[in-house]
Amino acid sequence: MREAGMFDYLIVGAGYAGSVLAERLARVSGKRVLVCDRRSHIAGNAYDHYNDAGVLVHKYGPHIFHTNSREVFEYLSQFTEWRQYEHRVLGSVDGQLLPIPINLDTINRYYGLNLTSFQVEEFLNSIAEKREQIRTSEDVVVNRVGRELYEKFFRNYTRKQWGLDPSELDASVTARVPIRTNRDDRYFADSYQAMPLHGYTRMFEKMLDHPNIKIMLNTDYRDIERIIPYKEMIYTGPVDEFFDFRHGKLPYRSLEFKHETKDTEVYQSAPVVNYPNDNLYTRITEFKYLTGQEHRKTSLVYEYPRAEGDPYYPVPRPENAELYAKYKTLADETQGVHFVGRLATYKYYNMDQVVAQALTTYKKITGERDAANVPQS
Ligand code: FAD
Ligand code: UDP
């Protein structure tokens, strides 16, 4: 028999990691779940809302959903309809707005050439600085496109975003942005690319709408963990904080978001414009492109990288991986607590990867086979 008032799970954080697990545990396994978040809202960093002007904006910067996982896409499709959307980005370089990722058009316009896809391979080979080992974020770019494009498109953006030179970051960071020799100017090449039709927050509301799920906002778990009885914890906050920084602080990079609404229908010529070399911000996002909303005003967000502030990005480099490994050992030894998500596992994960990680955790916890519980064709 279940003790009255006892929760099966205390879930710390109402972002993807916490909400997916809450949904699965409550809906499929019939568990009683308490989700708390120290913020005043659900959806974690994916939170969106209508601002004072009535424009749907993403509070924590642009979130574009893309995945190659059919399981993840079908899982989320239980909670939202979608708006087809393929993301495009321009980079402001030497007074021109050029496609990012670098593609055939970027190269032709930057160098004033008229190469074909076939010729551009040869051209890239002639300017590439070949590296024997691809270890860093510098290696991965110069090895493919040489020093000049690296400096114009990657070096300064990376220094601004991370406060580190690309040579100090793992290759995986700049490798997120491919180099193309065709004219494909989409930011992502995944098989599923779409935005939740009514926004992310609405999707999370549906996910968490279950009689077995209780939600406490504006609540740090430390303030309730000794008062509210529960059997196990799912923790999705920063892993070093959980252990009171016992091995020292794990570096997380932060951002300051400056939101602005303009009294004009359209502000810029692309959803996102990157500023690798100018300004203190890295990019400007114009939300209406992402959401498809029609409105006579338009809202933007500028991202200013910061060393201090809310933890947004784990910083992928060897010394941080070493420090994280120590926290991972502690986490593995901590009975009754499951660590899930971008901050708790110190992984530079996109939304779909966090959903997949949470579904895998659910399978591990419960031994359930069909964690997504969605129809297979
Ligand atoms: P979070 O969303 O960070 O949720 C963790 C929650 O735990 C937070 O709400 C926090 O308040 C809460 N919490 C922490 N500690 C405590 C505590 N002690 N007590 C109570 N609550 C606590 N991904 C994409 O796929 N596409 C994109 O375009 C994209 N763009 C991004 C842009 C930016 C600027 C950023 C920062 C991230 C972007 N991401 C994108 C990544 C995406 O935000 C994450 O993958 C995802 O939101 C991580 O979910 P999570 O549940 O692990 O963490
Ligand atoms: N990057 C860059 N120039 C660009 C775009 C990206 O140098 O115009 C590098 C930079 O280091 C950035 C990384 O590639 O942090 C990953 O870019 P992405 O757009 O995936 O970053 P996110 O959306 O996660 O902030």
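From a predicted model like this one, the values you see are computed outputs, not experimental measurements.

Analysis parameters
Residues numbered from 1 in each chain as written. Chains lettered and ligands numbered in written order. Predicted model: local features only at pLDDT ≥ 70, side-chain atom pairs only at ≥ 80, totals over all residues. Heavy atoms only, no water. Pairing = 2+ DSSP bridges. Helix = DSSP H or I, 4+ residues; strand = E, 2+ residues; numbered from the N terminus. Contact = heavy atoms within 4.5 Å. Axes fitted to C-alpha atoms, helices over the stretch in contact; angles between N-to-C directions. Parallel < 35°, antiparallel > 145°, perpendicular 65-115°, else oblique. Left-handed = near helix turned anticlockwise from the far one by under 90°. Nonpolar A, V, L, I, M, F, W, Y, C, P; charged D, E, K, R; others polar. 1 Å grid on protein atoms, 1.4 Å probe; cavity = no way out; pocket = protein on both sides within 12 Å on 5 of 7 lines; lining within 4 Å. Points joined across faces, edges and corners; volume = space filled by probe spheres on them. Phe/Tyr/Trp six-rings, centres within 6.5 Å; stacked < 30°, edge-to-face > 60°. Buried < 20%, exposed > 50% of the residue type's maximum accessible area, 1.4 Å probe, protein only. Near = heavy atom within 4 Å. Polar contact = N/O pair within 3.5 Å; in protein donor to acceptor, adjacent residues only side chain to side chain.

Asker: Any chance you could explain the sheet that holds strand E13 (residues 272–274) here in plain terms?
Answerer: Strand order in the open sheet formed by seven strands is E8-E7-E13-E14-E15-E12-E16, and the pairing between neighbours is mixed. Where the open sheet ends on each side, the last strands, each with one partner, are strand E8 (96–100) and strand E16 (313–314). Of the strand pairs in this sheet, strand E12 (residues 252–262) and strand E15 (residues 298–306) are connected by nine bridges, and their pairing is antiparallel. In the sheet register, Glu260 faces E15, and the bridge partner there is Leu300. Contacts from helix H3 (residues 104–111) reach strand E7 (89–93) and E8 within the one sheet, and its direction differs from that of E8 by about 155°. The sheet strands contacting helix H5 (residues 137–162) are E7, E8, E12, E13, strand E14 (283–286), E15 and E16, and the helix crosses E12 at an angle near 100°.

Asker: How should the packing of helix H4 (residues 117–127) against H5 be read in this particular structure?
Answerer: The axes of two packed helices give the description: the angle between them and the distance between them. Packing of H4 against H5 brings their axes to within 6 Å, and their N-to-C directions diverge by 70°. In terms of orientation, H4 and H5 fall into the roughly perpendicular class. Between H4 and H5 lies a crossing of left-handed hand. Contacts between H4 and H5 involve Glu121, Leu124 and Ile127 from the first element and Arg144, Val145, Gly146, Arg147 and Leu149 from the second. Classifying every residue of the contact of H4 with H5 gives four nonpolar, one polar and three charged.

Asker: Is there a simple way to explain the layout of surface pockets in this structure?
Answerer: Remark: the empty space left among the atoms is shown by a probe the size of a water molecule rolled over them. Of the pockets and cavities examined, the second largest pocket occupies roughly 340 Å³. Listing elements by their share of the lining of the second largest pocket, those giving two or more residues are helix H10 (318–333), strand E17 (337–339) and helix H11 (351–366). Residue contributions to the lining of the second largest pocket peak at five residues, all from H11. Here the residues of the lining of the second largest pocket sort into eight nonpolar, five polar and four charged.

Asker: Would you mind showing me how to read the packing of aromatic side chains here?
Answerer: Geometry of an aromatic ring pair is reported as the spacing of the ring centres plus the angle between the planes. Using the criterion set out here, one finds 29 aromatic pairs in the structure. On the basis of an interplanar angle of 80° and a centroid distance of 6.4 Å, the ring pair of Tyr60 and Phe257 is categorised as edge-to-face. Placement of the pair is Tyr60 in the loop between strand E4 (56–58) and strand E5 (65–67) and Phe257 in strand E12, with a sequence separation of 197 residues. For Phe257, a relative accessible area of 16% gives the class buried. Both rings, one in Phe243 and one in Tyr327, keep their centres 6.3 Å apart while their planes meet at 25°; by these two values the pair is stacked.

Asker: Looking at this model, I keep getting lost on the site of ligand 1. Mind explaining?
Answerer: Close to ligand 1 lie 32 residues; Asp37, His63, Ile64, Tyr349 and Met351 are nearest. Ala17 is positioned with one of its backbone polar atoms (N or O) 2.9 Å from an oxygen atom of ligand 1. For ligand 1, an oxygen atom lies 2.7 Å from a polar atom in the side chain of His63. When residues of the shell around ligand 1 are traced back to their parent elements, those giving at least two are helix H1 (16–28), E12 and H11.

Asker: Got a minute to help me understand the sheet that holds strand E6 (residues 82–84) in this structure?
Answerer: Two strands in a sheet stick together by hydrogen bonds in their backbones, pointing the same way (parallel) or opposite ways (antiparallel). Within the open sheet, the three strands sit side by side as E5-E9-E6. Their pairing is antiparallel. Edge positions in the sheet fall to E5 and E6, since each has one partner strand and no second. Neighbouring strand axes in the sheet, compared pairwise and without regard to direction, differ in orientation by 40° on average. As judged from the three bridges shared by E6 and strand E9 (residues 192–196), these two strands associate in the antiparallel manner. In the strand pairing of E9, Gln84 is matched with Ala194. Along the sheet, helix H2 (residues 70–77) makes contact with E5, E6 and E9, crossing E5 at roughly 140°.

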